[in-house]
Amino acid sequence: MNRARLFIPMAVFAVLACFLFLGFTLRDPHELPSALIDRPFPDFDLPILGKPGARVTRADLVGQRRLVNVWATWCPTCLAEHGELSRIANETGLSIIGINYKDDPSEASRWLARHGDPYDFNIEDLSGDFGVELGVYGAPETFLLDAGGTIRYKRVGDVNEDIWRDELQPAIAALEALR
Amino acid sequence: MIVEFGHFSVVAALLVALALGVVGHVSAVNSVWRSLVATLASCQLLLLAIGFAVLVRAFLGSDFSVAYVAENSNSLLPWYYRVSATWGAHEGSFLLWILIMGVWTWAVSLGCRRLPDEIFGRILGTMGLLNFGFLLFLLSTSSPFERLLPAAPPEGADLNPLLQDFGLIVHPPLLYAGYVGFAVAFSFAVAALIGGRLDAAWARWSRPWTNVAWAFLTVGIALGSWWAYYELGWGGWWFWDPVENASFMPWLAGTALIHSLAVTEKRGAFKSWTALLAIAAFSLSLLGAFIVRSGVLTSVHAFAVDPERGLFVLALLALAVGGALAIYGVRAPTIMSRARYGGFSRELLLLVNNAILVVALAFVLHGTLYPLAHEAMTGGEKTSVGAPYFNRGFVPLMCVLACFLALVPVARWKRTPLSLLKNSGLMCVAALCMGLALPLALGGAFKVGAAAAVALGIWIVLVHGADMWRRRNSTTRGYLGMMVAHIGFAVALMGIGVTSEFSREVDARMAVGDSVELNGVTYRFAAMRRIEGPNYVADRAEFVTDTGVRLYPEKRHYAVREQVMTEAGIAAGFARDLYIALGSALPDGSWGVRIQDKPMVRWVWLGALLMAFGGVLAVTDPRYRRLRSTRGLREARGSPSPTT
């Protein structure tokens, strides 16, 4: 009887535990944005909220600097940042595209009617599949895209005055300087 | 003040659990300490019950100065949801887990009190150490007793509307009873490995505990599936979601374990394999806890992410499982078995059962953890594994398992006379004909999957039914339990086959007065009205079919969390379910409506309930009660057992 064989289960478990540990540490939310930054915004082909039959693809986002904001009516923080997004849209003229994430389209339209609509248009992601591709943890999340459609900045959580002043504005200024 | 008292009580339970761990293992060597073990187990349960009761009281009294209550309750919540909100999120549900562990520990201290000192002490000592680890985790990273003082909010954030449902009141306690119940089998295995005595008597002691835990888990999983079916509004009943898999993997290991234990008890074979399965079943329960509570995999069920918690559970997992497997590596040579069996025998069938279940388990484990491994190796690239992967491997495996299952009643221990197989062959032909005919009668179209499932199911039922009839005067409860559980498997198999292949659905845009036809039934949108629930307002539609069935699907709006829920309208039936879910309201006043016709979907859960019932029925067999009498003790001392 080979004694070493009896330790095979333990070895298998050790490998498994290592993977769990690695996978777990990789999931650190603070590390994640770096994985997407400077990568092209993923391809998609999805309907537009409130315009039955109309669809939008990645090509429609290219050509202009934009913010892409993931939101939903079930997310209180989205409502909290809504004022700041409206201010940005009004005062700076920056294009903001919404991704309505795992939501009820009729509720979402009503929500926009009630609270104002700072978005050029909204991409409908009912199933949340596109959100998975974007690595969305939960709403809200905001991406800054350059004119080439590359992700230059990502914010997990709400966009408020401080974030605009300390992070988004400098990121936009950096893009400006590149040109 | 009373909340602090509950907190204190749980801290005291932590110390008692540690004491139980130490005293238990010491008493195995020095029996002077034995009398203390049961006392400590009772004491632990009492303290945990006080702690849990205090938390429930805080929920009932809407004490929003407690952070956990403020985050998960609301004064508008009906009282029964306030109680169940106690286990509605991570902290409270883990306290429930620990309380259930306390109940199992106490039950073992009562039910096993006639066992030899050595094994009794080690079992309870191991359980004490496990609960010590759980309590340490709870108190250091996720105490539900934290206060929000001095700024207590006037109102709570409400329980997630998804969880405001009867299914979610009972689903977690049952599921945890199953998960934690495998800790008993685990402790039995560890105790036997340390003592180097893993024999037929040991298997007989641990079988009832394993069966009961397995039955709880079976019902818990079935309830979760049923809840997803009517609450999520998609009409699906299994999604291969990581958290579903997390509960399914211990179930697969547990199913393999109860079969392997049968061989160990009856024939003294498969010993070290049984020990390994007992360790695996509980390890997979812990792995499930890690997946759910660390946020390592994205899932609809996942609790809030907290890196500290994930690391702690992982450490706990490494210690408990690594420790048990190390003991296995060192001690397994002392329990090697030398049993012989030849050709076609029950031993062989059970070996096949174990092989198939373990392959299925490895398959599910691989699919569940693959996204994680992929991410770790590519440095953050995400991928997801979907239902097609799982179905492709799992369905054929279960069909092969069903084929062997149909041979069970004719098989004998050691070797089966071939003449016994003939009757079974006749029934096989009969079942095949019915399997081919029935789906045709049901749906008018031929589907391979449904035909195979029905044929296999009928074959199993016929063979088992005939055998039960033949043994009607001489059967034991243990044998009867097995028969019922196997028939339950067949019922679930037929339900899954038929409902997957013959479900129909239609998406329609309907206004009040419109009608839609599906599978020969006409559904008329009769009315729409607004109703008010305790903490929500809802649009409730009324649909009437031409067969006179009324369905009331709802769209609920929960004010506090600004959340919309779809409440499906279901007309449940033995033969088929009619299922209507409301989509969104369209600007012109019409509604998106999804109507589904799901034949035999109830059979899936009925089968699961039969399986669980069979598992419990087997436990009532008088031979397990004899183990506490002289015969059990004689066997425990190592004298040969009379063969049965």
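For clarity, every value in this text was computed on a predicted model and none was experimentally measured. (Residues numbered from 1 in each chain as written. Chains lettered and ligands numbered in written order. Predicted model: local features only at pLDDT ≥ 70, side-chain atom pairs only at ≥ 80, totals over all residues.)

**Quick word on the overall build of chain A**
Part 1: A count of helices and strands for chain A gives six helices and seven strands.
Part 2: Of the regular secondary structure in chain A, the N- to C-terminal order runs α-α-β-β-β-α-β-α-β-α-β-β-α.
Part 3: Going through the 179 residues of chain A one by one, you find that 32% of them count as buried.
Part 4: Taking the intrachain contacts of chain A between residues at least 6 apart in sequence as the baseline, contacts between residues at least 24 apart amount to 72%. (Helix = DSSP H or I, 4+ residues; strand = E, 2+ residues; numbered from the N terminus. Buried ≥ 20, exposed ≤ 12 C-beta atoms within 10 Å, placed from the backbone. Contact = placed C-beta atoms within 7 Å.)

**A short note on the overall build of chain B**
Part 1: A count of helical and extended segments in chain B gives 19 helices and ten strands.
Part 2: In chain B, which comprises 644 residues, the share counted as buried stands at 51%.
Part 3: Taking the intrachain contacts of chain B between residues at least 6 apart in sequence as the baseline, contacts between residues at least 24 apart amount to 74%.

**Structural notes on the confidence of the model for chain A**
Part 1: For chain A, per-residue confidence averages 82 on the pLDDT scale, and 89% of positions sit at 70 or higher.
Part 2: Here residues 28–33 of chain A is a poorly scored stretch, pLDDT under 50, and it has six contacts once near neighbours within four places are set aside; other chains count. (pLDDT = per-residue confidence, 0-100.)

**Notes on helix α2 (residues 34–60) of chain B**
Part 1: When the terminal C-alpha atoms of α2(B) are compared, their 40 Å separation across 27 residues agrees well with the 39 Å that a helix rising 1.5 Å per residue should span.
Part 2: Positive backbone phi, approximately 45 degrees, marks Ser62(B), located one or two places after α2(B). (Expected span 1.5 Å × (residues − 1).)

**A look at the packing of α2(B) against helix α6 (residues 117–141) of chain B**
Packed helices, taken two at a time, are described by the angle their axes make and the gap between the axes.
Residues and elements named next belong to chain B.
Part 1: Packing of α2 against α6 leaves a shortest axis separation of 10 Å and a crossing angle of 30 degrees. As α2 packs across α6, the resulting crossing turns out to be left-handed. Only Asp117, Gly121 and Leu124 of α6 make contact with α2, whose side of the interface consists of Arg34, Val37 and Ala41.
Part 2: Here the contact of α2 with α6 is built from residues that sort into three nonpolar, one polar and two charged. (Axes fitted to C-alpha atoms, helices over the stretch in contact; angles between N-to-C directions. Left-handed = near helix turned anticlockwise from the far one by under 90°. Nonpolar A, V, L, I, M, F, W, Y, C, P; charged D, E, K, R; others polar.)

**Looking at the pairing of strand β9 (residues 576–585) of chain B**
Residues and elements named next belong to chain B.
Part 1: Within β9, eight of the ten residues are buried, which leaves it mostly tucked inside the rest of the structure.
Part 2: Two elements, strand β8 (residues 569–571) and β9, share three bridges in a ladder whose sense is antiparallel. Bridge pairing in β9 places Gly569 opposite Ile580.
Part 3: Relative to strand β10 (residues 591–599), β9 runs antiparallel, the two sharing eight bridges. Looking at the pairing, Ile580 lines up with Ile595 of β10. (Pairing = 2+ DSSP bridges.)

**Structural notes on the sheet that holds strand β1 (residues 504–510) of chain B**
All names here are of chain B.
Part 1: With respect to topology, four strands assemble into an open sheet ordered β1-β10-β9-β8, the strand pairing being antiparallel. The outermost strands of the open sheet, each flanked by one partner alone, are β1 and β8. On average, adjacent strands in this sheet sit at an angle of 15 degrees to one another, irrespective of strand direction.

**Here we look at helix α6 (residues 161–178) of chain A**
It helps to recall that an α-helix has 3.6 residues per turn; residues three or four apart then point in one direction.
Part 1: Spanning 18 residues, α6(A) covers 25 Å between terminal C-alpha atoms, matching the ideal 26 Å at 1.5 Å per step.
Part 2: Leu168(A) marks the point of greatest bend in α6(A), at about 35 degrees, and the proline Pro170(A) comes within the next four residues. (Bend = angle between axes of the 7 residues up to and from the residue.)

**Remarks on the environment of Asp146(A)**
Residue and element names in this part refer to chain A.
Part 1: Considering the arrangement of structural elements, one finds Asp146 in the loop between β6 (141–145) and β7 (151–156).
Part 2: Measuring from C-alpha to C-alpha, the distance between Asp146 and Ala59 comes to 13 Å, with 87 residues separating the pair along the chain.
Part 3: In contact with Asp146, other than residues within four places in its own chain, are Arg65, Arg152 and Leu175.

**Some thoughts on the pairing of strand β5 (residues 122–125) of chain A**
Residue and element names in this part refer to chain A.
Part 1: Burial along β5 is two-sided: Asn122 and Glu124 facing one way and Ile123 and Asp125 facing the other are all buried.
Part 2: Across four bridges, the pairing between strand β4 (residues 95–101) and β5 is parallel. The residue of β5 that forms the bridge with Tyr101 is Asp125.
Part 3: Handedness of the crossover is the feature at issue here: the chain leaves β4, passes through helix α4 (residues 105–115), returns alongside β5, and the resulting connection is right-handed. (Right-handed = clockwise from strand over helix to strand, strands pointing away.)

**As for the nonpolar core**
Part 1: Formed by 200 residues in total, the largest nonpolar core has its most connected members in Ala185(B) and Ile279(B).
Part 2: Filtering out sequence-adjacent residues up to four positions away, Ile279(B) remains in contact with Phe186(B), Ala189(B), Val321(B), Ala324(B), Leu325(B) and Tyr328(B).
Part 3: By size, the runner-up hydrophobic cluster in this structure holds 25 residues, among which are Ala72(A), Ile96(A), Phe130(A) and Tyr153(A). (Core = buried A, V, L, I, M, F, W, Y, C linked by C-beta atoms within 7 Å.)

**Examining unusual backbone geometry**
Residues and elements named next belong to chain B.
Part 1: In the Ramachandran plot, Ser62 falls in the positive-phi region, its phi being about 45 degrees despite a non-glycine side chain.
Part 2: Looking at the secondary structure, you find Ser62 in the loop between α2 and α3 (67–72).
Part 3: On the neighbour-count criterion, Ser62 (17 C-beta atoms within 10 Å) is partly exposed.
Part 4: Positive phi, normally seen in glycine, also occurs at Phe270, with a value near 60 degrees.
Part 5: Mapped onto the fold, Phe270 is located in the loop between α9 (242–267) and α10 (271–294).

**Digging into the environment of Ala147(A)**
All names here are of chain A.
Part 1: Mapping Ala147 onto the fold places it in the loop between β6 and β7.
Part 2: A residue is classified by how many C-beta atoms lie within 10 Å of it, and Ala147, with 13 of them, is partly exposed.
Part 3: It is 8.3 Å that separates the C-alpha atoms of Ala147 and Leu61, two residues lying 86 residues apart in sequence.
Part 4: For Ala147, the contacting residues outside a window of four places in its chain are Gly63, Gln64 and Arg65.

**Thoughts on the environment of Val16(B)**
Residues and elements named next belong to chain B.
Part 1: Mapped onto the fold, Val16 is located in helix α1 (residues 2–29).
Part 2: For Val16, a count of 26 C-beta atoms within 10 Å translates into the label buried.
Part 3: When the C-alpha atoms of Val16 and Tyr558 are compared, they prove to be 43 Å apart, with 542 residues separating the residues in sequence.
Part 4: Beyond its immediate sequence surroundings of up to four residues, Val16 is in contact with Leu40, Cys43, Gln44 and Leu47.

**A few points about the confidence of the model for chain B**
All names here are of chain B.
Part 1: Averaged over all residues, the pLDDT of chain B equals 85, while 90% of them reach at least 70.
Part 2: Considering only residues more than four positions removed or in separate chains, one finds that residues 629–644, a stretch of pLDDT under 50, has eleven contacts.
Part 3: Note on the complex model: pTM 0.80, ipTM 0.78.

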